[in-house]
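What follows is the residue order along each chain.
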Amino acid sequence: MDSASRLIIDRTQRVLDERIRPAISALRVPLELASAELPGEPIAAADALGLEYLPYRVGTAWGAAWSTVWFRATGLVPDEWHGLRVEAVIDLGFDSTLPGFQCEGLAYDPHGTPIKAVNPRNQWIPISDEACCGDQIEFFVEAAANPDLLDHLPLLPTWQGDVLTASPDPLYAVRRADLVVFDVQCHELALDVEVLLELQAELDDGPRRAGILLALDRAMDAIDVHRVGETAASARDELRAVLASPASSSEHIFSAVGHAHIDSAWLWPVRETVRKVARTTSSMTRLLEENPEFVYGMSSAQQYEWLRDHRPEVYDRVVDAVRGGRFVPLGGMWVESDAVMPSGESIVRQFLYGQSFFRREFGVTCRGVWLPDSFGYSGALPQLIRKAGFEWFLSQKLSWNQVNTFPHHTFFWEGIDGSRIFSHFPPIDTYNARLSASELAGARRRFAQSARASGSIAAVGYGDGGGGTTREMIGRARRLADLEGSPRVMWEQPDDFFERARAELPDAPVWVGELVLEAHRGTLTSQHHTKQGNRRGERLIVEAELWATTAAVRGVLDYPYDELDALWKTLLLHQFHDILPGSSIAWVHREAVETYSRLIGAAEAISRRSLLALVGDGEAEFTANGSSLDRGGASAFSVTPATATDALRPVVHEHCDGVQIDNGVIRVVISPDGLITSAVDISTGREIIPKGRPAGLLQLHQDFPNTRDAWDLDEHYRHHVENLAQADSFAVESDNDGVHVTVERRFSRSWVRQRITVAPNTRTFRIEQTTDWHEHERLLKVAFPLSLHAEYSVAETQFGCVRRPTHTNTSWQTAQFEHSMHRFVHVAEPGFGVGLLGDSTYGYDVIRDADPEHGVTTTVRLSLLRSPRFPDPMADQGGHTHVYAFAIGTDLLGTTAAATELDVPVRSVRGGSAVTPIVTVDEPDVIVSAVKLASDRSGDLIVRVYEPIGRRASARITVPSEYGPGQAVSLLEEHTDAPVGASPGPDGTVRLAPFEVLTLRYPVHRRPGPEHRFGKGTRS
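A short tour of the structure in this document, coming up. (Residues numbered from 1 in each chain as written. Predicted model: local features only at pLDDT ≥ 70, side-chain atom pairs only at ≥ 80, totals over all residues. Heavy atoms only, no water.)

1. Notes on the overall build of the chain
For the chain, the count of helices and strands is 18 helices and 52 strands. Here the C-alpha atoms of the chain give a radius of gyration of 31 Å, agreeing with the 31 Å that 2.2 N^0.38 yields for 1020 residues. With the principal axes as the frame, the chain shows a C-alpha extent of 100 × 75 × 60 Å. Among the 1020 residues that make up the chain, the fraction classed as buried is 61%. Excluding contacts between residues fewer than 6 apart, the proportion of contacts in the chain whose partners are at least 24 apart in sequence is 75%. In the structure as shown, the chain presents an accessible area of about 36,800 Å², 49% of it carried by carbon and sulfur atoms. Of the side chains in the chain, 99 bear a positive and 137 a negative charge, and the two mean positions are spaced by 2 Å. (Helix = DSSP H or I, 4+ residues; strand = E, 2+ residues; numbered from the N terminus. Rg over C-alpha atoms; globule rule 2.2 N^0.38 Å. Buried < 20%, exposed > 50% of the residue type's maximum accessible area, 1.4 Å probe, protein only. Contact = heavy atoms within 4.5 Å. Areas by Shrake-Rupley, 256 points an atom, 1.4 Å probe, with all protein chains shown as cover. Lys, Arg positive; Asp, Glu negative; His and termini not counted. Charge placed at Lys NZ, Arg CZ, Asp CG, Glu CD.)

2. Notes on helix 4 (residues 207-222)
Helix length check: helix 4, at 16 residues, gives a terminal C-alpha distance of 22 Å against a target of 22 Å (1.5 Å per residue), a fit within 8%. Those residues of helix 4 that sit buried are Arg-208, Arg-209, Ile-212, Leu-213, Ala-215, Leu-216, Ala-219 and Met-220. Along the long axis of helix 4, the arc covered by the buried residues comes to 160°, so they all point the same way. Exposed side chains of helix 4 directed beyond 90 degrees from the buried face belong to Pro-207 and Asp-221. (Expected span 1.5 Å × (residues − 1). Arc of directions from axis to C-beta.)

3. What to know about the nonpolar core
Ranked by size, the top nonpolar core spans 211 residues in total, and within it Ile-20, Phe-351, Phe-393 and Leu-941 carry the most contacts. No other element matches helix 16 (residues 586-615), which puts 11 residues into this core. Setting aside anything within four residues of it in sequence, one finds Ile-20 in contact with Val-15, Cys-186, Leu-189, Ala-190, Val-193, Met-220, Ile-223 and Val-228. Core analysis: the second largest hydrophobic core is formed by 48 residues, Ile-688, Ala-695, Val-743 and Ala-795 among them. (Core = buried A, V, L, I, M, F, W, Y, C linked by side-chain atoms within 4.5 Å.)

4. Concerning the sheet that holds strand 47 (residues 927-933)
Taken in spatial order, the four strands make up an open sheet running 47-48-52-50, and their pairing is antiparallel. Of all the strands in the sheet, the pair left with one neighbour each is strand 47 and strand 50 (967-969). Here the average twist between neighbouring strands, direction ignored, is 30°. By the bridge criterion, six bridges tie strand 48 (residues 941-946) to strand 52 (residues 997-1002) in an arrangement that is antiparallel. In the sheet register, Tyr-946 faces strand 52, and the bridge partner there is Val-997. Contacting strand 47 and strand 48, helix 14 (residues 528-553) runs over the sheet at an angle of about 55° to strand 47. (Pairing = 2+ DSSP bridges. Axes fitted to C-alpha atoms, helices over the stretch in contact; angles between N-to-C directions.)

5. Some details on the pairing of strand 30 (residues 697-702)
Most of strand 30 is tucked away, with five of its six residues classed as buried. Here six bridges tie strand 30 to strand 36 (residues 778-786), and the two strands are oriented antiparallel to one another. Bridge pairing links Leu-700 to Leu-780 in strand 36.

6. Observations regarding the packing of helix 14 against helix 15 (residues 561-573)
Where helix 14 contacts helix 15, the two axes come as close as 11 Å, and the packing angle between them is 160°. Between helix 14 and helix 15, the angle is such that the two are roughly antiparallel. Relative to helix 15, the crossing made by helix 14 is left-handed. Where helix 14 approaches helix 15, its residues Asn-534, Gly-537, Glu-538, Ile-541, Val-542, Ala-544 and Glu-545 are matched on the opposing element by Leu-564, Leu-567, Trp-568 and Leu-571. Class assignment of the residues belonging to the contact of helix 14 with helix 15 gives a composition of seven nonpolar, two polar and two charged. (Parallel < 35°, antiparallel > 145°, perpendicular 65-115°, else oblique. Left-handed = near helix turned anticlockwise from the far one by under 90°. Nonpolar A, V, L, I, M, F, W, Y, C, P; charged D, E, K, R; others polar.)

7. Examining the pattern of salt bridges
The full count for this structure, using the stated rule, is 83 salt bridges. Between Arg-11 and Asp-221 there is a salt bridge whose closest N-O contact spans 2.8 Å. Residue Arg-11 is located in helix 1 (residues 3-23), and its partner Asp-221 is located in helix 4; the two are separated by 210 residues in the primary sequence. Of the charged contacts, one joins Asp-903 and Arg-823 as a salt bridge, the two residues approaching to 3.7 Å between their closest N and O atoms. In this pair, Asp-903 sits in helix 18 (residues 892-903) while Arg-823 sits in the loop between strand 39 (819-820) and strand 40 (824-829), placing the two residues 80 residues apart along the sequence. Just as Asp-903 is buried, Arg-823 falls in that class too. Several salt bridges converge on common partners, so that one network encompasses Glu-41, Glu-104, Glu-142, Arg-271, Glu-272, Arg-275, Lys-276, Arg-279 and Arg-311. (Salt bridge = Lys/Arg side-chain N within 4 Å of Asp/Glu carboxyl O.)

8. What about helix 15?
Counting along an α-helix, one turn takes 3.6 residues, and residues three or four places apart therefore face a common direction. The end-to-end C-alpha separation of helix 15 is 18 Å, in line with the 18 Å expected for 13 residues at 1.5 Å each. Contacts made by the buried residues of helix 15 are with helix 6 (270-290), helix 7 (301-310), helix 9 (344-362), helix 14, helix 16 and strand 47.

9. Some thoughts on the environment of Asp-162
Relative to the helices and strands, Asp-162 is located in the loop between strand 10 (136-144) and strand 11 (172-173). Here Asp-162 falls in the buried class, since its relative accessible area comes to 6%. Considered as a pair, Asp-162 and Leu-203 are 41 residues apart in the sequence and their alpha carbons are 48 Å apart. In this structure Asp-162 touches Trp-66, Ala-586, Trp-587 and Arg-590, once residues within four positions along its chain are discounted. Here Arg-590 takes part through its side chain, which lies 2.8 Å from a polar atom of the side chain of Asp-162. (Polar contact = N/O pair within 3.5 Å; in protein donor to acceptor, adjacent residues only side chain to side chain.)

The following block contains the structure:
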């Protein structure tokens, strides 16, 4: 850059910073403030207006962490401001320019009606476009003293993340509370200059850049720095020509949509998110009213419901804007959930409850899934997205990959079953775009499909903590709509972009399989109690639906629609991508664990009362089997008389090498230190444990990632490992349930107890582990070295499984050193395999070794506990329980059955009569994932089945005669012309492709009377 250009740029930047921007609100008079501090949680505006307000002086400290202070502002419009545009400017004491991560407020008029938000980039409050002299001004600001927890890297431990441990000292002081004149010309000049300064920085030396610099220099000459407001129009005249020069017809087009990605919980509790949604939407609806070209999009039906229930005045404005087509419901999900750990049924219900809300409230059906920030995406999703009726998928999170750059931006994503969904990863690499020239130019350079596609999406606005689009961003977009040297920007609904992109790229490239995020691997393990609550909640609500459906169809109880809806919505909220992954503050996870406890109790209560109603009065013992597999003498979905087991107890031999347990199927040797030194499949004689490398070994790693504690598990954790091989106690006992070996180990400040059980006549032994965990920045794994030459590990995912190489030939495989699983991971060589099962764990890794003594061996390790320090400095401290199991000589279907056995225990119930199942499936390789009544409350029966291991299957499904023939429907339980699978044949037989999910709807054929108790309830 030549010195003359540098001088122009430096001159322009200083005038912009020190003269033009301050001139936007140069005329000001102070407002009078009074304040009222709440002693506890937030209250309704109607109640807050009547509080006792005491005089407040600007500069006085206010607001302990998480507290709320209401400010009342009053003032008088000066006579000389008559007819001018007047605003208020409130600086609550903002620590930075980043909205959503510090104090913020919502302004109300004297009647308690929300006006708009106040945050670091949106400090203004509208007063009057044409003020009258002497006007009395009064408004209120509900100010939230949310602590700034994200003000530095690395992210250091803080106690401010829970109201129970936060400092009582005030965090903020109001810096400014003024009534100002908003100078439109100065505002517009500032935007002109900003856009051109940024644009020239992205241009090569040439006529266009030279012309911009010359125009800027002349504009600075036109400004009198002591009378900026009077000379701003002249300066703008000097810039008009360079701003009017049009873009090339082939320029990249950014389809901009206003956005404020609001995390449903993260560095703030759920209750604060309710207020963040109100703040942001109040500001965004005002921008929509003032800017007819602007389009704003918001996802998460849960957030709309919060707005409806807590800020109905703002919700009414949103409803009007949605009907006008410019406030766009996005994503069709209840929340932007994690996309790896939730069960298949949970993902279905995210779609079902999300789309149902948008249809009911707005008459809108979302056409795409909007998940910009979830931490990776399961290969099961494309089928579920398609069968829920969606046409497209959007994310950008893989731009965070630490090693490999994802090769596509617009592409088809193919799932494990072969389904494809048209997908887009915006090359702007953020969901918080501000439309800076560097953002746009970088995205244009990166766009992988630029040869054939005209553009990409830009989600524009401050996000994560809310805030949204600003009037400055809208002003930038106007200038960038058609500006030489810059990509073009136009406000557009995502559906319109995807229609155009699909037409431009009918044969877009294809990515097959899961979309793995090469970061945030620790989220598969962090906050174990949260993950355990989710897993149990998922299983228990599905089981509650089964028994409630059975009771309703048999005419003994009404179906509890409202109760089940409430449980699902609660569970789905807590699958948000910063709650279930364990990356939120202590307050969020403390409340989540309490909520899961209530949810589990409520689901258990539904199952219990349904079963009691079904079996009737009596004292006979029955076994209720809520799983889709026959076991324990009980057929699937039935209640049968309990029978005493006649299986022989395993044979126990104790010797100097420990204890040998033989149950007739497997023979296991456990050393005096509680390690599995031998595990033999008796029928084949196959030994699965390598000599000298015991299984069930607990391993402790230092876990200190480079930046994001709760999120990241960096590969260097493997460089240090401590084997917890020595036991402090060892005991053996036998009972009718099998042989139990109990060992205890103490290490550092913690201890662990493992109870290893070999039951009669089973291929699976289980380990029940209790841990008193008091480690920090450590990772606990349990290792199972295996004499298997396994090319792949196969892990359960939603409605199926995914194969992953055990080797690291490529950078992609090397970067995937921690994998996700649901209930199991299976490793095998031809003819023999082993399954590892977990009741509440999601992370695992595989280590492939080879040496002359053992040949190729495969070690699978389950991740049990972490102890990150940020954002929760006491994450996972205290007591934990895990159950994991080792299934020897099983194939994938057998491992799936073993996982079901572990996941869904049979129930004991006392009553008068057995209960036959309302749904039967005659083949074990077709699994039933849900039996429920239709969500539209018609009384129709919904049965969802899937093929779990990746091969074609068929089975005959039988339902009660009260129902007509089943029809294949969408995941939203609707008849559709879209491909959703084949309906059953005349005899009830269904045929499934590999990993196919099939939802069947059986219409009520006849209603003979009061024995059908389908319930009524109020749809919510």
